[in-house]
Amino acid sequence: MSIPQIGIISPCYNEALVLNETSMRLTSILEELISKNSISENSFIAFIDDGSTDSTWKSIEENSKKYSHVKGLKLAKNVGHQNALLAGLLTYKDEADALISIDADLQDDVIVIEEMINKFSQGTDVVYGVRKERKKDSFFKRNTALLFYRLMKKMRVNLVYNHADFRLCSKRVLNALDEYGEVNLFIRGIIPTIGFNQDVVYYDRLERLAGKSKYSFFKMVSFAWNGITSFSNYPLRLVTIIGFVIFFLCLLMSGYALFGLYTGNYVPGWLSTVLPMYFLGGVQLFCFGIIGEYIGKIYSEVKKRPRYFIDKKID
Ligand code: UDP
Ligand code: MG
């Protein structure tokens, strides 16, 4: 392959405090790689302003004047990290051979960018940045994040453990991503399902350069929930299972009650009040679950996700 053109995509929401530093660091990395002939001269950095309310856009404009490799894209309003990232990836996919996504606060170590590009040059299509450890995160963040991955695994969502959105994707992977027409796109879950050659590089998660995290606890919960519900029908199946279990317990209880009736050891009225409640509850949940299974099928049909992508073709 000739020298690849690489784009770095960085979504920013109220990141005015970090943008100068980030532009400087990313530019120096690009320049170093260009001088080593690892990437082409026209490689670039694109900041995606996700409807910031501070001077983020002004800072992007200033940095693009200062550094020739810096570009900017301003979204009409705040659409959230995942959508901002998607906007960046889809806008710039035709302008580079591969795009690397990275958070603007540079919590992901830029050192491994070179390794990512090397792997790409050797024919890897997706290179995931995976965190080695989370020493710098707060106790709360570290443990909620681990819980997140465990939960996702339980819910059958295909995720790369300890990987956020720091990754390199080749053009054909980005073209594949473009074929997913769904509104709630959970990029982190989609990429592993696309396939092609995938690999990982390891790095230490650093502290934010400046400013505050934009992911509050509630945003994280909603993020996790979005991930689960856009990938798995497991919660629907859970309803069926709970319904069945309650129904089964109800049968056991009937046996117990009949036994009480037989031995004369029972409270009058208990049986006729409590038993129908459990029985109906169980039957109802079970029926909901069955309806849910069908809704699940409809849901996956409605999403119309592409079923395969062609890796190689010999003519
Ligand atoms: N971000 C965004 N839109 C949002 C929230 C966040 O583009 O609505 C960006 C943010 O500027 C940063 C990245 O997403 O570049 C990750 O956010 P943050 O660092 O706040 O998350 P954390 O690292 O704490 O999980
Ligand atoms: Mg961050």
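Residues numbered from 1 in each chain as written. Chains lettered and ligands numbered in written order. Predicted model: local features only at pLDDT ≥ 70, side-chain atom pairs only at ≥ 80, totals over all residues. Heavy atoms only, no water.

**Student:** Can you tell me about the pattern of salt bridges, naming the residues and giving the values?
**Tutor:** For the structure on display, the rule yields twelve salt bridges. For Asp49, the salt bridge identified is with Lys74, shortest N-O distance 3.8 Å. Within this pair, whereas Asp49 is found in strand β2 (residues 44-49), its partner Lys74 is found in strand β3 (residues 70-74), the two being separated by 25 residues in sequence. Classification of Asp49 as buried rests on a relative accessible area of 1%. We classify Lys74 as partly exposed; its relative accessible area is 44%. Between Lys119 and Asp199 there is a salt bridge, with the nearest N and O atoms lying 3.1 Å from each other. Taken together, the residues span a long stretch of sequence, with Lys119 in helix α4 (residues 113-121) and Asp199 in strand β7 (residues 198-203) at a distance of 80 residues. Here Lys119 falls in the buried class, since its relative accessible area comes to 19%. With a relative accessible area of 28%, Asp199 lands in the partly exposed category. (Salt bridge = Lys/Arg side-chain N within 4 Å of Asp/Glu carboxyl O. Helix = DSSP H or I, 4+ residues; strand = E, 2+ residues; numbered from the N terminus. Buried < 20%, exposed > 50% of the residue type's maximum accessible area, 1.4 Å probe, protein only.)

**Student:** Run through the nonpolar core, naming residues and quoting values.
**Tutor:** Of all hydrophobic cores here, the largest spans 40 residues; its most connected members are Ile9, Tyr92, Leu99, Phe148, Leu177, Ile191 and Ile194. Broken down by secondary-structure element, the contributors of at least two residues to this core are β2, α3 (81-92), β5 (126-131), α5 (139-154), α6 (171-178), α7 (187-194) and α8 (217-231). If you tally residues by element for this core, the top one is α3, at five residues. The next biggest cluster of nonpolar side chains, apart from the first, holds 31 residues, and it includes Ile60, Val70, Ile113 and Met116. (Core = buried A, V, L, I, M, F, W, Y, C linked by side-chain atoms within 4.5 Å.)

**Student:** Break down the packing of helix α9 (residues 234-263) against helix α10 (residues 270-303) for me, citing the residues and quoting the values.
**Tutor:** At a closest axis distance of 7 Å, the pairing of α9 and α10 adopts a crossing angle of 155°. By the angle between their directions, the pair α9 and α10 is classed as roughly antiparallel. Where α9 crosses over α10, the two elements pack in a sense that is left-handed. Broken down by class, the residue content of the contact of α9 with α10 amounts to 19 nonpolar, seven polar and two charged. (Axes fitted to C-alpha atoms, helices over the stretch in contact; angles between N-to-C directions. Parallel < 35°, antiparallel > 145°, perpendicular 65-115°, else oblique. Left-handed = near helix turned anticlockwise from the far one by under 90°. Nonpolar A, V, L, I, M, F, W, Y, C, P; charged D, E, K, R; others polar.)

**Student:** How would you summarise a positive patch on the surface if you had to cite specific residues and measurements?
**Tutor:** On the surface, Arg150, Lys153, Lys154 and Arg156 cluster together into a positively charged patch. Among the secondary structure elements, Arg150 is positioned in helix α5. (Patch = residues over 30% accessible without salt bridge, like charges linked within 9 Å, V, L, I, M, F, W, Y side chains within 5 Å. Areas by Shrake-Rupley, 256 points an atom, 1.4 Å probe, with all protein chains shown as cover. Lys, Arg positive; Asp, Glu negative; His and termini not counted. Charge placed at Lys NZ, Arg CZ, Asp CG, Glu CD.)

**Student:** Any details on the site of ligand 1? Residues and values, ideally.
**Tutor:** Looking at ligand 1, there are 19 residues lining it, with Glu15, Asp50, Asp105, Ser213 and Lys214 nearest. At 3.1 Å from an oxygen atom of ligand 1 is found a side-chain nitrogen or oxygen belonging to Asn78. Starting from 530 Å² of accessible surface for ligand 1 in isolation, the protein chains cover 95%. Here the residues of the shell around ligand 1 are counted per class, giving five nonpolar, five polar and nine charged. (Near = heavy atom within 4 Å. Polar contact = N/O pair within 3.5 Å; in protein donor to acceptor, adjacent residues only side chain to side chain.)

**Student:** Break down the coordination of the magnesium ion (ligand 2) for me, citing the residues and quoting the values.
**Tutor:** Ligation of the magnesium ion (ligand 2) by protein atoms is provided by Asp105 (OD) and Gln107 (OE1), these donors lying 2.0 Å from the ion. The exposure classification of Asp105 matches that of Gln107, with both residues buried. (Donors = N, O, S within 2.8 Å, 3.2 Å for Na, K, Ca; no water.)

**Student:** If you had to explain a nonpolar patch on the surface to someone new, which residues and values would you point to?
**Tutor:** Taken together, the side chains of Leu238, Ile241, Ile242, Phe244, Val245, Phe248, Leu249, Leu251, Leu252, Phe286, Ile290 and Tyr294 make up a nonpolar region of the molecular surface, amounting to roughly 1,100 Å² of accessible area. At the level of elements, α9 and α10 are the ones that each hand at least two residues to the nonpolar patch. If you tally residues by element for the nonpolar patch, the top one is α9, at nine residues. Position of Ile290 among the secondary structure elements: in helix α10.

**Student:** So what's going on with the sheet that holds β7? Residues and values would help.
**Tutor:** Pairing within the open sheet is mixed, and its seven strands lie in the order β3-β2-β1-β4-β6-β5-β7. The outermost strands of the open sheet, each flanked by one partner alone, are β3 and β7. Between one strand axis and the next, the sheet turns through 25° on average, direction left out of account. Bridging between β2 and β3 involves five bridges; their strand directions are parallel. Pairing of Asp49 across the sheet is with Lys74, part of β3. Strands in contact with α7 are β5, β6 (163-170) and β7; relative to β6, the strand with the most contacts, it is inclined by about 45°. (Pairing = 2+ DSSP bridges. Contact = heavy atoms within 4.5 Å.)

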